[in-house]
Amino acid sequence: MKPSPPLDPLGRTIDYLRISVTDQCNERCLYCRPAGYRGWSARPEHLTAAEILGVAQAAIRIGFRHFRLTGGEPLLRPDLLEIASGLSALPGLETLSLSTNGTRLASTAGALRQAGVQSVNLSLDAIQPDRYRQITGGSWAEFWEGFQAVLRAGFKTVKLNCVLLRGINEEELRPLAHFAAEHQIPIRFIELMPLSLLQQARTDLFLSAAEAKEIISGGQNLPALPDHRPGHGPARYFRDPSSGAVIGFIGALTTPDFCDSCNKMRLTADGKIRPCLGQHGEIDLREALRNQTQDAEELLRQALANKPRDHDFTRGYEPARPMTALGG
Ligand code: SAM
């Protein structure tokens, strides 16, 4: 019999673990890692595939059911397929998803699907190649190849993620919604969170979910889809009657009750359990496991007990390490 999903001290069900497999990335999205960032961890600091599977098994024993592989860019991890197939074979796992920038998927999408990855979220902040490069440092053509491979590979769900950047990608929002509609996949627009030092220096980049909705809808009402919840994320969904797009908004900073429905914790590539993205508290699982002082189940329970009520993003949170190191 499956264990009941674990509850945190506020009674929220926490059954979703985002597992970062590397802090390295082949892009340099301006909101995710500061320019000139040199804080990469060395390979021996990363949890091994066996350690990740051990933590996942412990998580399942206490009732976790949903895992997402992320990074950095998870496709840079050479043994990603081994990790994915190990996780997907775990009895008790319900969903295995992947977050990626898509640029390395052209040759791997099919193998990832075969390894048991069910859903893929792709970052896409702009349609225009120049703007795509301005934001990510990467290549739209590589994204496009990867995107087509994902569509061919038969994943259960594919979603797009776009971070809202005032003065940078407002003009892209409507074309992005149309792009999503054309390919019949949902797109989520995400408020910029202060997760690299950029936001401290550039508060003018923040664009709220409400403003984005206004831009995309052209002032029209977007009917809400209250029961629509593809995946396990925090987006609130709407339908755009003009394009037919299913559009989610992740208003982490402007939605007052945003954290009430939090259902997740993070495991960083260097083996820290992070109960909340927007609070610094972490538990060093790697050292405890390698020194055999405590086991993963005990530490996951400890992290659950320490899960804060809400994030500190609107209370002057200053990132000690950027998003690329925490796992998106
Ligand atoms: N490289 C992969 C990707 O591009 O999806 C996985 C990691 S990335 C950190 C995961 C997600 O976090 C992406 O959708 C990205 O846009 C989002 N993200 C990163 N930094 C962010 C920030 N400062 N505010 C909001 N979302 C952010």
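Thresholds, definitions, all that
Residues numbered from 1 in each chain as written. Predicted model: local features only at pLDDT ≥ 70, side-chain atom pairs only at ≥ 80, totals over all residues. Heavy atoms only, no water. Helix = DSSP H or I, 4+ residues; strand = E, 2+ residues; numbered from the N terminus. Rg over C-alpha atoms; globule rule 2.2 N^0.38 Å. Buried < 20%, exposed > 50% of the residue type's maximum accessible area, 1.4 Å probe, protein only. Contact = heavy atoms within 4.5 Å. Areas by Shrake-Rupley, 256 points an atom, 1.4 Å probe, with all protein chains shown as cover. Axes fitted to C-alpha atoms, helices over the stretch in contact; angles between N-to-C directions. Parallel < 35°, antiparallel > 145°, perpendicular 65-115°, else oblique. Left-handed = near helix turned anticlockwise from the far one by under 90°. Nonpolar A, V, L, I, M, F, W, Y, C, P; charged D, E, K, R; others polar. Expected span 1.5 Å × (residues − 1).

## Details of the overall build of the chain
Link 1 in the chain: Within the chain one finds 11 helices and 11 strands.
Link 2 in the chain: By the compact-globule yardstick of 20 Å for 328 residues, the chain fits well, its C-alpha radius of gyration being 19 Å.
Link 3 in the chain: If one aligns the C-alpha atoms of the chain with their principal axes, the spans along those axes are about 55 × 45 × 45 Å.
Link 4 in the chain: Relative to its 328 residues, the chain shows a buried fraction of 57%.
Link 5 in the chain: Once local pairs closer than 6 in sequence are excluded, the contacts in the chain between residues at least 24 apart make up 74%.
Link 6 in the chain: In the structure as shown, the chain presents an accessible area of about 13700 Å², 49% of it carried by carbon and sulfur atoms.

## Description of the packing of helix H6 (residues 170-182) against helix H8 (residues 209-217)
For any two helices packed against each other, one specifies the inter-axial angle together with the distance between the axes.
Link 1 in the chain: Relative to each other, H6 and H8 sit at 60°, their axes nearing to 9 Å. Taken as axis vectors, H6 and H8 run oblique relative to one another. As for the relative orientation of H6 and H8, their crossing is right-handed in sense. Facing H6, whose interface residues are Glu-170, Leu-173, Arg-174 and Ala-177, H8 presents Ala-212, Ile-215, Ile-216 and Ser-217.
Link 2 in the chain: Each residue belonging to the contact of H6 with H8 can be placed in one class, and the counts come to 5 nonpolar, 1 polar and 2 charged.

## A closer look at helix H1 (residues 49-61)
Link 1 in the chain: Along its 13 residues, H1 runs 18 Å from first to last C-alpha, staying within 8% of the 18 Å computed at 1.5 Å per residue.
Link 2 in the chain: Along H1, the positions that sit buried rather than exposed are Ala-49, Glu-51, Ile-52, Val-55, Ala-56, Ala-58, Ala-59 and Ile-60.
Link 3 in the chain: Contacts from the buried residues of H1 go to strand S1 (16-20), strand S2 (66-70), helix H2 (80-88), strand S9 (264-267), helix H9 (285-290) and helix H10 (296-305).
Link 4 in the chain: Where H1 terminates, the next one or two residues include Gly-63, which has phi positive at roughly 110°.

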